[in-house]
Protein chains: 2
Amino acid sequence: MAKFKLDEIDHQILDMLIENTRVPFTDIAKKLLISAGTVHVRVKKMEDAGIIKGSSLTLDYKKLGYSFIAYVGVFLQNTSKTSFVLERISEIPYVTVAHVTTGKFNIFCKIRARNTEHAKDVIFMLDDIEGVYRTETMISLDESINDKKRLMHSIFNDL
Amino acid sequence: MAKFKLDEIDHQILDMLIENTRVPFTDIAKKLLISAGTVHVRVKKMEDAGIIKGSSLTLDYKKLGYSFIAYVGVFLQNTSKTSFVLERISEIPYVTVAHVTTGKFNIFCKIRARNTEHAKDVIFMLDDIEGVYRTETMISLDESINDKKRLMHSIFNDL
DNA sequence: GGTGAAACTTCTAATAA
DNA sequence: TTATTAGAAGTTTCACC
């Protein structure tokens, strides 16, 4: 995968859009002392290059009654069953991310649930998948998410 | 934390915005057979209630040269050092998420790096934090992210 | 609550530099 | 590559259901 060449202006545009995707291009233009047309062209270019894959809302799941987060490590009976199990896992909506990993576990996933009871149900669903030997759960007591902008700054300085 | 009451229309609006935050309100209105003004008011209400916390871009980190993902479990010498260590961890931009967890590890984090070499540097940074006893790394070979919309549908059906 | 229309702002594509 | 510009499109407010 080739590295895409971002210049300082692209970087600044991304910076503003990372914080709020609906910020008007005219505002970005004003801040960067360029025209809104230029912002438009640059964003389009980054979209076409696939750097910007899309945009999404950040929701408060706690306010929706889903305050429980856990990570579940999955041990398989046999690694040849990996893709089958991944498929089954992807059918569970409460699993938000799944990884095939090296190290202790074969598959590693993050789940989001209403409460302990509900999480138990979800973990049982995972345990019940054919090919799963056993699972190990880590309950999150507190989640802190690092600023995406910070990472982007480091990435930009590396390029 | 009180659960917020979303009705079918709010849900549909969220659904469209989750997929693309820049979809025009007029498009949403057309699809849901309501006025653009109503969409506007509803979105504002969800923002005010804090359900919608913000919006952000989905970036292709691989294309930016950052294809390495790992999870790192952190063992502390003493749990009283948790907040101090979390502070230090939050200063490392390559750590994207950190959790305080029950179970095997005291702290659990996700890192994103350029490559194995770079990841090693990041893990050494974690190891070097005062109060960290040792760490355990799981390298992600493959990440699959479940559709946010699927989770929202389940949440909506639960409410 | 919702609507429709007016006033205002922003987007976008073509043209020019 | 960037700026300008003008018509198209979107947002937001408000008087009225």
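Residues numbered from 1 in each chain as written. Chains lettered and ligands numbered in written order. Predicted model: local features only at pLDDT ≥ 70, side-chain atom pairs only at ≥ 80, totals over all residues. Heavy atoms only, no water.

Chain A goes by Winged helix-turn-helix transcriptional regulator in an unreviewed UniProt entry, where it is assigned to Olleya sediminilitoris.

### Let's talk about the relation of the copies chain A and chain B
Defined as follows: Least squares is used to superpose the copies, and the fit set is the C-alpha atoms of residues whose pLDDT is at least 70 in both copies. The contact rule is simple, with two residues in contact once any of their heavy atoms fall within 4.5 Å.
You can overlay chain A on chain B at an RMSD of 0.1 Å; the transform is a turn of 180 degrees with a shift of 0.0 Å along its axis. Those values place the two copies in the arrangement expected of a two-fold rotation axis. When the interface residues of chain A are mapped onto chain B, 100% of them again fall at the interface, so both copies present the same face.

### Quick word on the pattern of salt bridges
All names here are of chain A. Spelled out, the test is: When a carboxyl oxygen of Asp or Glu lies within 4 Å of a side-chain nitrogen of Lys or Arg, that pair is called a salt bridge. A run of H or I in DSSP counts as a helix once it spans at least four residues, and a run of E counts as a strand once it spans at least two, with each numbered from the N terminus. Between buried and exposed lies partly exposed: a residue is buried under 20% and exposed over 50% of the maximum accessible area for its type, with that area taken using a 1.4 Å probe on protein chains only.
Applying the stated criterion across every chain yields a total of 24 salt bridges over all chains. Glu 143 serves as the salt-bridge partner of Arg 112, at 4.0 Å between the closest nitrogen and oxygen. Taken as a pair, Arg 112 in strand β4 (residues 107–113) and Glu 143 in strand β5 (residues 132–145) lie far apart in primary sequence, 31 residues in all. Exposure remark for Glu 143: the relative accessible area of 26% places this residue in the partly exposed category. Three or more residues are tied together by salt bridges with common partners; here these are Asp 7, Asp 10 and Arg 42.

### Re the side chain of Thr 96 of chain A
Inspection of the secondary structure puts Thr 96 of chain A in strand β3 (residues 95–101). Take Thr 96 of chain A: its relative accessible area is 16%, and that puts it in the buried class. Contacts of Thr 96 of chain A, omitting those with residues within four sequence positions, involve Lys 110 and Arg 112 of chain A together with Ser 144, Ile 145, Asn 146 and Leu 151 of chain B.

### Observations regarding the packing of aromatic side chains
How we decide: Each aromatic pair joins two rings of Phe, Tyr and Trp (for Trp, the six-membered one) with centres within 6.5 Å, and gets the label stacked for planes under 30 degrees apart, edge-to-face for over 60, and tilted for any other angle.
With the rule as written, the count across this model stands at 12 aromatic pairs over all chains. Aromatic pair Phe 75 of chain A and Phe 105 of chain A: ring centres 5.2 Å apart, planes at 70 degrees, arrangement edge-to-face. One end of the pair, Phe 75 of chain A, is in strand β2 (residues 68–76); the other, Phe 105 of chain A, is in the loop between β3 and β4, with 30 residues separating them in the sequence. Between Phe 108 of chain A and Phe 108 of chain B the ring centres are 5.3 Å apart and the planes differ by 50 degrees, which places this aromatic pair in the tilted class. Taken together, the positions of Phe 108 of chain A in strand β4 and Phe 108 of chain B in strand β4 (residues 107–113) put the pair across two chains. Comparing Phe 108 of chain A with Phe 108 of chain B shows no difference in burial state: the two are buried.

### As for helix α2 (residues 25–32) of chain A
An α-helical segment advances 3.6 residues per turn. Residues three or four places apart therefore align on the same side. Residues and elements named next belong to chain A. The line we're drawing: To obtain the arc, one takes the directions from the helix axis to the C-beta atoms.
Within the span of α2, buried status applies to Phe 25, Ile 28, Ala 29 and Leu 32. Taken end-on, α2 shows its buried residues confined to a sector of 100 degrees, consistent with a single buried face. In this structure, α2 carries Lys 30 and Lys 31 as exposed residues pointing more than 90 degrees from its buried face. Turning to α2, the residues buried within the fold contact α1 (8–19) and α3 (36–48).

### Regarding the protein's contact with DNA strand D
What counts is decided by this rule: The cutoff for a nearby residue is simple: one of its non-hydrogen atoms must lie within 4 Å of the molecule or strand. Here a polar contact means two N or O atoms within 3.5 Å. Within protein one must be a hydrogen donor candidate and the other an acceptor candidate, and residues neighboring in sequence count only if both atoms are side-chain atoms.
Close to DNA strand D lie Arg 22, Ile 34, Ser 35, Thr 38, Arg 42 and Lys 45 of chain A together with Pro 24, Phe 25, Thr 26 and His 40 of chain B. Taken together, the sugar and phosphate atoms account for 86% of what DNA strand D places within 4 Å of the protein. One of the side-chain nitrogen or oxygen atoms of Thr 38 of chain A is found 3.0 Å away from a phosphate oxygen of DNA strand D. Here a phosphate oxygen of DNA strand D sits 2.6 Å away from a polar atom, N or O, in the main chain of Phe 25 of chain B.

### Details of the protein's contact with DNA strand C
Selection rule: Residues are grouped as follows: Ala, Val, Leu, Ile, Met, Phe, Trp, Tyr, Cys and Pro are nonpolar; Asp, Glu, Lys and Arg are charged; all remaining types, including Gly, are polar.
In the vicinity of DNA strand C, the contacting residues are Pro 24, Phe 25, Thr 26 and His 40 of chain A together with Arg 22, Ile 34, Ser 35, Thr 38, Arg 42 and Lys 45 of chain B. Each atom of DNA strand C within 4 Å of the protein belongs either to a base or to sugar and phosphate, the latter forming 96%. At a separation of 3.1 Å, a phosphate oxygen of DNA strand C approaches a polar side-chain atom of Arg 22 of chain B. One nitrogen or oxygen atom from the side chain of Thr 38 of chain B is found 2.5 Å from a phosphate oxygen belonging to DNA strand C. Elements represented by at least two residues in the surface near DNA strand C include exactly α2 of chain A together with α3 (36–48) of chain B. At 3 residues, the largest contribution of residues to the surface near DNA strand C is made by α3 of chain B. A class-by-class count of the residues in the surface near DNA strand C yields 3 nonpolar, 4 polar and 3 charged.

### A closer look at the pairing of strand β2 (residues 68–76) of chain B
Residue and element names in this part refer to chain B. Put simply, the rule reads: At least two bridges found by DSSP between two strands are what make those strands a pair.
Taken across its 9 residues, β2 has 9 buried, putting it largely inside the fold. Neither face of β2 is left uncovered, since the one carrying Phe 68, Ala 70, Val 72, Val 74 and Leu 76 and the one carrying Ile 69, Tyr 71, Gly 73 and Phe 75 both have all their residues buried. Judged from the 7 bridges that link them, β2 and β4 form a sheet pairing that is antiparallel. Counterpart to Ala 70 in the pairing with β4 is Ile 111.

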